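# Remarks on the overall topology
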Amino acid sequence: GDKRRVGTLRLINSALKDRDIEARGQGKERATDEEILQLLQKMVKQRNDSIAQFVAGKRTDLADAERAELAILGGYLPQRLSEAEIDQAVDAALAAARAAGASGPALIGKAMGALKAQLAGRADMAQVSAKVKARL
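Rules and cut-offs
- Residues numbered from 1 in each chain as written.
- Predicted model: local features only at pLDDT ≥ 70, side-chain atom pairs only at ≥ 80, totals over all residues.
- Heavy atoms only, no water.
- Helix = DSSP H or I, 4+ residues; strand = E, 2+ residues; numbered from the N terminus.
- Buried < 20%, exposed > 50% of the residue type's maximum accessible area, 1.4 Å probe, protein only.
- Contact = heavy atoms within 4.5 Å.
- Core = buried A, V, L, I, M, F, W, Y, C linked by side-chain atoms within 4.5 Å.
- 1 Å grid on protein atoms, 1.4 Å probe; cavity = no way out; pocket = protein on both sides within 12 Å on 5 of 7 lines; lining within 4 Å.
- Points joined across faces, edges and corners; volume = space filled by probe spheres on them.
- Expected span 1.5 Å × (residues − 1).
- Arc of directions from axis to C-beta.
- Axes fitted to C-alpha atoms, helices over the stretch in contact; angles between N-to-C directions.
- Parallel < 35°, antiparallel > 145°, perpendicular 65-115°, else oblique.
- Left-handed = near helix turned anticlockwise from the far one by under 90°.
- Nonpolar A, V, L, I, M, F, W, Y, C, P; charged D, E, K, R; others polar.

Checked against the element boundaries, Val132 lands in helix α6 (residues 125-135). The exposure class assigned to Val132 is buried, which follows from its relative accessible area of 0%. Taking C-alpha positions, Val132 is 16 Å from Ala99, a pair spaced 33 residues apart along the chain. Leave out the neighbours within four places in its chain, and Val132 touches Val90, Leu94, Ile108, Met112 and Leu115.

This is the structure we're talking about:
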């Protein structure tokens, strides 16, 4: 009976079907868990962008609707890491990259590569990147 939840789940299902149809044309199989996670993250990013635009346009009714969808989408994403856990992962990745002999821009690249694989879906990678750069 929750129309908002049903509508949001239909949007997710539709996006997954679109992805599968597109992949079929390229000879690929069904979506992997990683691809589904990326799709959900993209939908979350779209909702966040819409909320910012609606708030700027003083359309709180539409912003509230987007926030409700965002809350539903968030229930299907992995639990977010805390700031302390992200800091710990950044420190470990930088130490590993330095141990491998990386320095300068290569250090950032190596650390971000490791962090992207490790934190995918559980942290905002823009925030992680900022933390890596701040530590240098």
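Okay, back to it.
As a further point, take the nonpolar core. Judged by nonpolar contacts, the single largest core of 16 residues is most densely connected at Ile86, Val90, Leu94, Leu115, Leu119, Val128 and Val132. Within the residue set of this core, elements represented by two or more residues are α4 (83-99), α5 (105-119) and α6. For this core, the leading source of residues is α4, giving 6 residues. Residue contacts for Ile86: discarding those within four places in its chain leaves Leu81, Ala123, Gln127, Val128 and Lys131. Leu39, Leu40, Leu70 and Leu73 belong to the second-largest nonpolar core, a separate cluster that totals 11 residues.

Its boundaries defined by the atoms lining it, the largest pocket holds a volume of some 490 Å³. Lining the largest pocket are 16 residues; nearest its centre among them are Gln41, Ala120, Gly121, Ala123 and Met125. Mapped onto the lining of the largest pocket, the elements with two or more residues apiece are α2 (33-56) and α6.

Taking 1.5 Å per residue, 17 residues should reach 24 Å; α4 reaches 24 Å between its end C-alpha atoms and fits that length. Buried within α4 are the following residues: Ile86, Ala89, Val90, Ala93, Leu94 and Ala97. Down the axis of α4, the buried set is contained in an arc of 130°. They therefore lie on one face. Exposed residues lying more than 90 degrees from the buried face of α4 are Ala84, Gln88 and Ala99. The inward-facing, buried residues of α4 abut α5 and α6. Residue Gly101 follows α4 closely and has a positive phi angle near 95°.

A few words now on the packing of helix α1 (residues 3-25) against α2. Helix packing geometry: the angle between the two helix axes and the distance between the axes. Remark: α1 packs on α2, axes separated minimally by 11 Å, with the N-to-C direction vectors making an angle of 125°. With respect to their mutual orientation, α1 and α2 come out oblique. For α1 against α2, the interelement crossing comes out right-handed. Touching Leu11, Ile12, Ala15, Leu16 and Arg19 of α1 are Glu35, Ile36, Leu39, Leu40, Met43 and Arg47, all from α2. For the contact of α1 with α2, the per-class residue count stands at 8 nonpolar, no polar and 3 charged.

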